[in-house]
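# Structural description and commentary
Chain by chain, the residues:
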2 protein chains.
Amino acid sequence: MSELKTLFRPRSVALIGASRDTKKYGYWTAKSLFENKYKGDVYLISRSGGEILGHETYPDILAVKGDVDLAIIAIAPKYILPVIEQCVEKGVKSAIVVSTGFGETGAEGKEIERKMLEIARKGGLRIQGPNCMGTYSAAVNMNASIIDLAPGPMSLVLQSGNFGIDLNFNAKARNLGYSCWATIGNQMDLRFHDFVKYIEEDDSTKVLLLYMEGLRVESEEDGRKFIEAARKTALKKPVAAIKIGRSAAGARAAASHTGSLAGSEKIFDAALRQSGIIRVDSPNELLDVAEAFSKCKPAHGKRIAILTDGGGHGVMATDSAESFKLEAPVLSDATQEKLSAILMPHCPIKNPVDLAGTPEADMWVFDRCLDVLLNDPDVDGVVIVGLYGGYADLSEEFREKEMDVAKSMVARVRVSDKPVVMHSIYAPQRPECLAYISDRGVPVFDSVKAAMRTMGALVNYDEGRKALLEEVEAPAPTLPADRKEKTSAIFDAVRASGRINLVETEARDVLSAYGLPLAECHLALNANEAAEKYEALGGKVVMKIVSPDILHKTDAGGVMLNIDSAQAARDAFERLVDNGLKYKSDADIFGVMLTPMLPGGVECIIGASYDTTFGPTVMFGLGGIFVEILKDISFRVAPVNMPSCRQMIREIKGHKLLEGARGSAPCDIEALAETVCVISYMVNELREVAEVDLNPVFAWEKGLAVADARIVLHP
Amino acid sequence: MSELKTLFRPRSVALIGASRDTKKYGYWTAKSLFENKYKGDVYLISRSGGEILGHETYPDILAVKGDVDLAIIAIAPKYILPVIEQCVEKGVKSAIVVSTGFGETGAEGKEIERKMLEIARKGGLRIQGPNCMGTYSAAVNMNASIIDLAPGPMSLVLQSGNFGIDLNFNAKARNLGYSCWATIGNQMDLRFHDFVKYIEEDDSTKVLLLYMEGLRVESEEDGRKFIEAARKTALKKPVAAIKIGRSAAGARAAASHTGSLAGSEKIFDAALRQSGIIRVDSPNELLDVAEAFSKCKPAHGKRIAILTDGGGHGVMATDSAESFKLEAPVLSDATQEKLSAILMPHCPIKNPVDLAGTPEADMWVFDRCLDVLLNDPDVDGVVIVGLYGGYADLSEEFREKEMDVAKSMVARVRVSDKPVVMHSIYAPQRPECLAYISDRGVPVFDSVKAAMRTMGALVNYDEGRKALLEEVEAPAPTLPADRKEKTSAIFDAVRASGRINLVETEARDVLSAYGLPLAECHLALNANEAAEKYEALGGKVVMKIVSPDILHKTDAGGVMLNIDSAQAARDAFERLVDNGLKYKSDADIFGVMLTPMLPGGVECIIGASYDTTFGPTVMFGLGGIFVEILKDISFRVAPVNMPSCRQMIREIKGHKLLEGARGSAPCDIEALAETVCVISYMVNELREVAEVDLNPVFAWEKGLAVADARIVLHP
């Protein structure tokens with residue numbers, strides 16, 4: 001927290017590049033600071049001298065007598081380096097560079113950034129920006145932005161000033177404001193994780209919102225720092241994010257099979273999920289969520305009761321429930337009985353509870369039904385949809401009643417421990433009774449979908465937080481103590497022979513070093529040895545060529561199944577080596593491996609690849625058609641513990657196949673999850689591994705078999 | 001058209017149940033009629049007598065001297081039958097019953113509906129409602145509703161008055177109004193298709209909107225009439241619909257709301273698609289689409305150029321393109337060259353074209369870039385997103401410029417033949433320049449998603465219309481002339497034996513009668529015959545038990561593969577019959593069938609079932625895991641021609657498998673489509689068929705094989 005304290009709670013601010021020109025940032029920012037009644041001292045720095053907005057100016061920051069905590073810099077790139085040096089000399093701890101023309105414009109700008117960062121790092125100065133729209137902090141009434149921001153329960157960290165404007169219009173219309181607000185621009189120095197970390201400790205923030213285009217990473221550690229900071233924060237308070245650039249996913253070309261599937265968008269999405277962040281799609285949804293988290297009681301379950309006047313809106317709400325992972329179950333007999341005592345016989349009461357025109361006769365049915373629903377132990381939340389808020393339009397005498405009922409409903413929601421959200425077709429007009437409700441803990445939406453989606457976000461956060469806690473508290477897997485020595489020896493040998501591709505026997509040795517149970521495996525160097533090894537194994541065996549030059553063994557005729565005698569093994573050896581040399585005449589052939597033929601099972605893939613933003617990642621998918629046609633894969637940034645590994649398996653579309661489709665027994669999902677877990681710890685530990693591909697893995701009713709394994713190191 | 005002419009263009013109206021009570025429909029409707037300056041004569045019918053709103057009243061409709069075209073009836077159910085009789089006596093041709101308490105409340109109300117309909121049918125009176133909120137018709141200034149409706153290019157037919165209110169708020173905010181507007185209530189007499197048919201001919205309607213909970217059907221013909229009417233209309237003008245009750249829970253809720261039969265959601269969705277209707281999800285989307293169709297030039301392709309000031313909004317638009325089936329391709333070199341001559345070097349110009357802050361220096365860049373994009377032959381439409389509309393907020397001197405540029409852009413759009421839609425973060429404030437643009441042919445949205453989704457709807461309608469035309473104009477398949485005699489004979493025999501399930505040999509005969517190519521098939525009645533039949537076939541054969549009591553042959557051990565000798569055939573016969581009798585000791589065993597063993601292929605399912613709303617339907621899916629786990633199936637109401645059959649195959653998720661995944665040759669998609677087509681014609685013709693199940697069908701590189709066939713008749 002302390003690192004950004006001078007940024008968000010400075011005792012004094014210097015605006016460097018203050019201006020009298022009403023079309024310049026240096027003017028707008030000065031105006032913002034004064035008009036918003038910043039609590040500390042403001043020093044205006046202007047080379048032109050004279051007064052600005054009635055305040056004296058200083059020629060440079062060194063001319064200021066008092067201490068300066070924060071410098072806001074609106075100076076063109078070519079003049080900026082000496083200014084940064086002066087800030088360091090003055091002992092300034094934080095700076096915001098709002099000027100543009102840096103890294104975002106090309107190499108020259110990047111070079112200035114590099115030099116600026118060098119000076120700052122040396123001098124203990126942290127910099128926000130450049131190319132940003134400034135900062136707001138309610139704690140000290142500081143509006144160092146050009147946008148008209150107000151205090152409130154949200155904090156917002158964003159990568160685009162325009163989105164700041166966009167969101168703020170909408171926030172104002174909802175009476176929502178900010179505790180901390182920061183545009184982070186080029187993230188030259190301060191990055192998302194720095195802000196997230198600060199806001200974790202900011203008690204005035206009830207909900208943190210992020211608008212992301214991408215992380216700036218110099219190493220995978222930057223991506224991991226973000227996850228770590230976001231996780232910690234999400235355990236304390238809801239974090240919601242827009243991340244744009246979804247469609248750019250998949251553009252990344254990758255040589256290998258799993259790599260090509262691991263588009264960075266999928267990884268980013270997984271990283272957000274792993275961080276406990278609620279991902280939304282549009283500025284409006286972001287604020288819907290923010291409003292709900294600011295106002296509502298936390299959700300503790302997904303069983304929603306829908307209370308409506310108007311069948312159509314009730315049905316629409318019910319339809320939406322499913323898509324936002326809510327349930328609108330038939331209400332209990334006890335509750336239906338209570339409702340039928342309140343409502344007329346023609347009113348549907350199963351859920352939705354449809355008042356079906358009765359409020360015109362008795363407005364209090366709303367309140368009485370809400371009471372019943374909030375007190376039903378099988379109801380976790382209530383969504384009210386339809387016409388409430390517009391009865392006054394039908395008749396003047398309804399106006400007062402509507403307000404009385406609103407007051408009573410608000411009082412009920414206040415003492416209840418369940419979230420309530422509302423839709424009204426009159427919401428856009430914001431009639432008095434809806435304004436009352438909305439200002440007192442029940443967000444009112446103008447679309448049924450938004451109301452249900454928002455209730456979904458409340459529930460989703462609750463579930464996500466529980467899952468995150470479970471994941472964080474789960475033990476790491478127990479791995480063999482000598483694993484690192486063993487793998488180092490293998491990798492050294494591989495590298496010593498000028499390779500980065502491990503052959504299958506080597507890959508199997510690495511997996512074994514991590515304690516993964518693999519079938520017996522023997523390498524035969526000649527036909528006679530093949531026969532001997534066969535005798536040792538007996539039964540039916542698989543024989544495969546082992547060569548770093550033959551990665552796709554099947555294509556090269558390098559695999560033979562069902563070998564069932566020593567003679568067959570001898571013949572197979574010759575044939576496999578022959579095929580290998582036909583495929584690639586100068587192939588370096590290490591030999592032929594023999595493993596027992598294992599029964600097939602459900603074909604899975606477990607793999608790992610390296611993401612430039614987040615480093616090692618792990619993946620799980622169903623093999624064959626599923627992975628190739630449906631891209632049915634789940635990803636996580638490694639390492640992951642068992643709760644997440646189980647979730648990875650559950651979240652693929654074809655998971656029913658593992659649960660025993662077509663009358664077959666369910667697969668050993670725990671064994672699959674354990675393998676995913678070990679692989680994730682392995683790649684997290686062995687950072688020189690670029691790629692792991694266990695494909696196929698046969699999932700059995702008990703246990704599993706890794707039928708092929710490939711590992712590639714970073715060059 | 002003529003049938004509903006007196007409803008939408010009456011020369012005179014009688015309001016039966018007119019009232020002085022300001023809380024009654026009979027008052028509100030009278031007020032609406034007078035205030036909206038209805039062009040014809042209004043007769044107020046009130047048993048209480050006296051004047052209402054300064055107009056004389058009549059004790060009953062028979063007391064009116066002049067002709068009455070339309071009666072609006074606001075009378076309680078128990079008094080209504082004599083009133084309907086009087087209407088008939090008076091020669092009234094159309095009536096709107098706005099009162100409630102009919103079929104929607106239970107058996108008693110249904111009975112009144114039945115009697116009312118009987119009187120009306122006999123007397124040549126068509127009735128809208130009951131349980132509706134009336135009608136509006138701009139052609140004669142008739143507002144026979146209680147909602148403040150205005151004239152405009154939309155027509156709206158809806159099943160819920162509340163949605164009428166909901167939509168109208170939103171429509172007013174957009175300056176959009178109606179040509180025809182009707183709430184159809186219980187659809188006792190007049191149904192969706194009647195209104196759709198009328199509006200097809202209404203030239204003032206530019207776009208038709210439907211809000212549907214379900215069709216009221218007495219027979220499948222009602223469902224089919226809707227498709228027919230909607231298709232005709234959709235070929236002339238866009239039709240968009242909300243259909244609620246998508247989810248199972250929603251369908252349950254819908255059933256209790258209007259009592260309309262929800263039917264199968266998948267079939268309803270297919271029917272809407274087959275009708276050329278654009279399906280949307282919310283009232284807002286419905287109006288987005290309506291606004292675009294009212295204002296924009298029609299789309300003729302999906303290649304969209306995105307023009308933005310602000311990178312973030314540009315990326316967000318690009319992200320959305322994909323999800324709304326649009327393309328945002330890299331612009332041509334020629335266009336990029338033209339753009340780079342206009343813009344500064346730091347502006348991205350590939351698509352999105354990002355003005356990146358240059359409008360502050362020169363607002364005309366918007367107009368110049370729009371010109372370039374509209375004139376690019378490889379661009380089918382333009383979406384402008386970002387900050388336009390708010391530059392005046394930055395500086396007063398921008399205000400006039402912004403308006404000048406708006407005027408020029410509007411002029412360009414007017415002479416272009418391409419659709420343009422816009423997003424602005426300033427849209428909610430509706431600044432002057434955006435109001436100018438929006439009122440002159442470019443809808444302006446407050447969310448990027450809405451702008452892209454709406455452009456998507458324009459493109460989607462164009463593509464849907466083309467596909468519909470192709471489908472409608474495609475020839476029906478040529479079917480054998482004697483097919484009906486042959487199938488009648490088979491069905492008669494089946495029914496004569498007290499069955500509705502056809503055994504496989506019978507089902508195969510039916511398919512053969514429709515000209516579907518099937519492998520040779522022989523029925524053996526005893527073991528010797530099995531040996532003889534084997535000799536006739538030779539090679540390897542499949543033998544299956546034939547018994548109406550054994551539907552799941554495999555479960556009963558009733559299938560044997562790879563029979564390769566006469567002796568094996570003899571043995572197999574005994575074994576199959578034995579197994580059959582073990583499975584069901586009193587099974588009626590017809591014999592054992594022999595067909596040649598055919599090579600496997602991609603496993604597909606082709607089937608047909610009967611929908612209560614639309615009658616016979618046809619389906620296509622990939623077999624095995626795909627259908628069982630992923631429910632990867634496409635449906636259509638039968639019959640369908642080849643263009644739709646091909647589309648059915650293309651739209652399943654696993655279609656890549658048919659196109660030759662994993663290095664295998666593509667399947668014969670034409671042969672699959674032809675089979676689907678024939679089955680669809682077959683079930684459409686043979687209405688006594690309840691169900692057809694060809695499962696599996698093996699798709700080959702050339703042709704296909706129906707490996708099992710099942711047909712079930714209606715009881």
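Residue positions are given per chain, counting from 1 as you read along its sequence in written order. Labels follow written order: the first chain is A, the first ligand is 1, and so on. Reporting of local features is limited, given that this is a predicted model, to residues whose pLDDT is at least 70; pairs of side-chain atoms are given and counted only at 80 or more, and all residues count toward the totals for whole chains, interfaces and linings. Computation of side-chain values: all heavy atoms of the structure, hydrogens and water removed.

This brings us to the sheet that holds strand β10 (residues 178-183) of chain B. Residues and elements named next belong to chain B. As summarised here, the arrangement of the seven strands in space is β8-β7-β10-β9-β11-β12-β13, forming an open sheet in which the pairing is mixed. Each of the sheet's edge strands pairs with one partner strand only, and the pair in question is β8 (142-145) and β13 (278-280). On average, each strand axis in the sheet is tilted by 20° relative to the strand beside it, whichever way the strands run. A pair of strands is treated as paired once DSSP finds two or more bridges between them. Strands here are runs of E lasting at least two residues and helices are runs of H or I lasting at least four, both read from the DSSP assignment and numbered beginning at the N terminus. With four bridges joining them, strand β7 (residues 134-137) and β8 adopt antiparallel strand pairing. Looking across to β8, one finds that Gly134 is bridged to Ser145. For helices, the fitted axis covers only the stretch in contact; all axes are lines through C-alpha atoms, and the angles between them, taken along N-to-C directions, range from 0 to 180 degrees.

With that settled, consider the domain arrangement of chain A. Residues and elements named next belong to chain A. Its domain assignment divides chain A into domain 1 (1-132), domain 2 (147-278) and domain 3 (296-471). Segmentation into domains, and thus their bounds, comes from an automatic or database assignment. Relative to domain 3, the C-alpha centre of domain 2 lies at a distance of 31 Å. Two residues form a contact once any of their heavy atoms are found within 4.5 Å. With 12 residues of domain 2 at the contact, the number on the domain 3 side is nine residues. Buried area between domain 2 and domain 3, summed over both chains or domains, comes out near 800 Å², and the portion from carbon and sulfur atoms is 63%. What counts as buried area is the accessible surface, traced by a 1.4 Å probe, that two parts surrender upon association, with contributions from both included.

Centre distance within 6.5 Å is the pairing criterion for rings of Phe, Tyr and Trp, where only the six-membered ring of Trp is used; planes under 30 degrees apart are then read as stacked, over 60 as edge-to-face, and the remainder as tilted. For the coordinates displayed, the defined rule picks out 24 aromatic pairs over all chains. Judged by centre distance (4.8 Å) and plane angle (80°), the rings of Phe366 of chain B and Tyr388 of chain B are edge-to-face. Residue Phe366 of chain B is located in helix α13 (residues 365-374), and its partner Tyr388 of chain B is located in the loop between β16 (381-386) and α14 (391-394); the two are separated by 22 residues in the primary sequence. Each of the two residues, Phe366 of chain B as well as Tyr388 of chain B, counts as buried. What links up through ring pairs into an aromatic cluster is the set Phe8, Phe195 and Tyr198 of chain A. Over the face of the ring belonging to Phe268 of chain A we find Lys243 of chain A, whose NZ or CZ atom lies 4.6 Å from the ring centre. We call a residue buried when its accessible area falls under 20% of the maximum for its residue type, exposed when it is over 50%, and partly exposed in between, using a 1.4 Å probe and counting protein chains only. Both a distance and an angle decide whether a charge sits over a ring: NZ of Lys or CZ of Arg must be within 6 Å of the ring centre and within 35 degrees of the ring normal.

Residue and element names in this part refer to chain A. The seven strands lie next to each other as β8-β7-β10-β9-β11-β12-β13, forming an open sheet whose pairing is mixed. The outermost strands of the open sheet, each flanked by one partner alone, are β8 (142-145) and β13 (278-280). Across the sheet, the axes of successive neighbouring strands diverge by a mean angle of 20°, strand direction being ignored. In terms of strand pairing, strand β9 (residues 151-158) meets strand β11 (residues 207-212) through five bridges, oriented parallel. Directly across from Met154, in β11, lies its bridge partner Val207. Contacts from helix α6 (residues 192-200) reach β9, β10 (178-183) and β11 within the one sheet, and its direction differs from that of β11 by about 170°.

Between chain B and chain A, the residue contacts involve 58 residues of the former and 58 residues of the latter. Both sides of the chain B and chain A interface together cover about 4700 Å² of buried area, and 64% of this is carbon and sulfur. Salt bridges, as used here, are contacts in which a Lys or Arg side-chain nitrogen is within 4 Å of a carboxyl oxygen on Asp or Glu. If you look at where chain B meets chain A, you find five salt bridges. Of all the elements in the fold, those that place two or more residues in the side of chain B that touches chain A are α5 (161-173), α8 (248-258), α10 (283-295), α11 (311-323), α22 (625-629) and α24 (655-658) of chain B. Among the residues making up the side of chain B that touches chain A, the classes are represented as 24 nonpolar, 17 polar and 17 charged. Residue polarity follows a fixed list, in which Ala, Val, Leu, Ile, Met, Phe, Trp, Tyr, Cys and Pro are nonpolar, Asp, Glu, Lys and Arg are charged, and the others, Gly among them, are polar.

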